[in-house]
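Close look at the chain arrangement
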Amino acid sequence: DFVMVGIFLGISSLIRLQAIFILITIILFIILHREKISRKISFLAILLLVFVILFGPQIWYNLTVHGTFLDSEPRVYILDLSKFYTEDWHNSLENLDNPNLISIITLDPDLFLKNYLYNLFYHNLDRIFYFSSLDNLSIIPFVPFVGILFCIIGLIYFVKNRHEYLNFLPLLLLPPIYLFFISIIPVYRSYHLLPIWMPLVILYSVFFVKVLPDFYLILVNRFKKNTNINKNAITIICIILLVVSNI
């Protein structure tokens, strides 16, 4: 299994670097999983070896041709898209001789932190849940905050029944890890957050496949002595939730 995971992630990373974050979550999953240390080490070795064999040539090419580990420069996005900036900071950043991440942070740590927290807690989340922009990944793009509610309820159910969904743990670790790193820059296209959308789909599915039917049965049993109007009303509400979630 880990051979196949390494193959798919190695190939995916050649196309989109976001796949590296999935690798990080799987590594954490292996470390946290209840297995003997020797088995954990063997799993990690197989996974990383296969991944490096496929993705290593790209790293070697970047180092030998471009002189950098990854062929991408966050300075461009930070210069053009940062919410908070000063003219002096902008000019200094533009004229940096070695614009790596450390030099960008140390140029003005307070301003960098201000932009980072803005991206982390508002701007990038807006591309998922729709706070102000229609260019987003929200499963409910025209109804703000309802998608968050479904997601939270699904997460609560998952935590209470985590033994049933243990294999999904790496994907559920992905959103916080990915957001932590990607918020260095303000995301300007919603598809940049696709790695976060995948585990959210799982939580939405848990809500509609597990939570909503159980809730429906509880309400039906409570009103079973009443007229069918109550049952019909409950059914209509559930259908509306399903329809709205797919707008």
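Residues numbered from 1 in each chain as written. Predicted model: local features only at pLDDT ≥ 70, side-chain atom pairs only at ≥ 80, totals over all residues. Heavy atoms only, no water.

1. Digging into the overall build of the protein
Let me state the cut-off plainly: Numbering of helices and strands runs from the N terminus, with a helix taken as a DSSP run of H or I at least four residues long and a strand as a DSSP run of E at least two residues long. Throughout this description, buried means an accessible area under 20% of the type-specific maximum (1.4 Å probe, protein chains only), exposed means over 50%, and partly exposed covers the range between. Note on contacts: a residue pair qualifies if any of its non-hydrogen atoms lie within 4.5 Å across the two residues. Surface exposure here means Shrake-Rupley accessible area, sampled with a 1.4 Å probe, where a residue is shielded only by the protein chains that are shown.
The helix and strand tally for the protein stands at 11 helices and 0 strands. For the protein, the succession of helices and strands along the chain, N to C, is α-α-α-α-α-α-α-α-α-α-α. A buried classification covers 38% of the 247 residues belonging to the protein. Considering only contacts within the protein whose residues lie at least 6 apart along the sequence, 62% involve residues at least 24 apart. As displayed, the protein has an accessible area near 15000 Å², and 68% of this comes from carbon and sulfur atoms.

2. Observations regarding a nonpolar patch on the surface
Our working rule: Only residues above 30% relative accessible area that lack a salt bridge enter a patch, with like-charged residues linked at up to 9 Å and the nonpolar side chains Val, Leu, Ile, Met, Phe, Trp and Tyr linked at up to 5 Å. When a carboxyl oxygen of Asp or Glu lies within 4 Å of a side-chain nitrogen of Lys or Arg, that pair is called a salt bridge.
Nonpolar side chains collect at one region of the surface, where Tyr191, Leu194, Trp197 and Met198 lie side by side and expose about 370 Å² of accessible area between them. One can find Met198 in helix H10 (residues 194-222). A residue is classified by how much of its surface remains accessible, and Met198, at 37% relative accessible area, is partly exposed.

3. Focus on the side chain of Asn124
Just so we agree on the cut-off: Pairs of N or O atoms within 3.5 Å make up the polar contacts considered here, provided that, within protein, one atom can donate a hydrogen while the other can accept it, and that residues adjacent in sequence are counted only when both atoms are side-chain atoms.
Tracing the backbone shows Asn124 in helix H7 (residues 109-129). For Asn124, a relative accessible area of 0% puts it in the buried group. Side chain to side chain, Asn124 and Ser183 meet in a polar contact 3.2 Å long. Engagement of the side chain of Asn124 in a polar contact is seen with the backbone nitrogen of Val187, the distance being 2.9 Å. Non-local contacts of Asn124, meaning those with residues more than four positions away in its chain, are made with Asn119, Leu179, Ile182, Ser183, Ile185, Pro186, Val187 and Leu193.

4. Re helix H2 (residues 19-32)
What counts, and what does not: Between the first and last residue of a helix there are one fewer steps than residues, each counted as 1.5 Å, and that sum is the expected span.
Taking 1.5 Å per residue, 14 residues should reach 20 Å; H2 reaches 20 Å between its end C-alpha atoms and fits that length. Those residues of H2 not exposed but buried are Ala19, Phe21, Ile22, Leu23, Thr25, Ile26, Phe29 and Ile30.

5. Considerations on the nonpolar core
Stated formally: Here, nonpolar core refers to any group of buried Ala, Val, Leu, Ile, Met, Phe, Trp, Tyr and Cys residues whose side-chain atoms link them within 4.5 Å.
Residues Leu9, Ile78, Tyr178, Ile182, Leu193, Ile196 and Leu200 are the most contacted members of the largest nonpolar core, which totals 47 residues. The leading source of residues in this core is H10, at 10 residues.

6. Observations regarding the packing of aromatic side chains
The test is simple: Aromatic pairing here means that ring centres of Phe, Tyr or Trp (its six-membered ring) are within 6.5 Å. Orientation follows from the plane angle: under 30 degrees is stacked, over 60 is edge-to-face, and everything else is tilted. By definition here, charges over rings are those cases where NZ of Lys or CZ of Arg is within 6 Å of the ring centre and within 35 degrees of the ring normal.
The final tally for this structure, using the stated rule, is 7 aromatic pairs. Centroid distance Phe84 to Tyr118: 5.6 Å. Interplanar angle 80 degrees. Geometry classified as edge-to-face. In this pair, Phe84 sits in the loop between helix H4 (74-81) and helix H5 (87-94) while Tyr118 sits in helix H7, placing the two residues 34 residues apart along the sequence. The class of Tyr118 is partly exposed, set by a relative accessible area of 22%. Where Phe180 meets Phe181, the ring centres are 5.2 Å apart and the plane angle is 90 degrees; that geometry is what we call edge-to-face. Taken together, the ring pairs in this structure connect Phe112, Tyr116, Phe180 and Phe181 into an aromatic cluster. Residue placement shows Lys114 over the ring face of Phe84; its charged tip is 4.5 Å from the ring centre.

Keep in mind that these numbers describe shape and distance, not what the molecule does.
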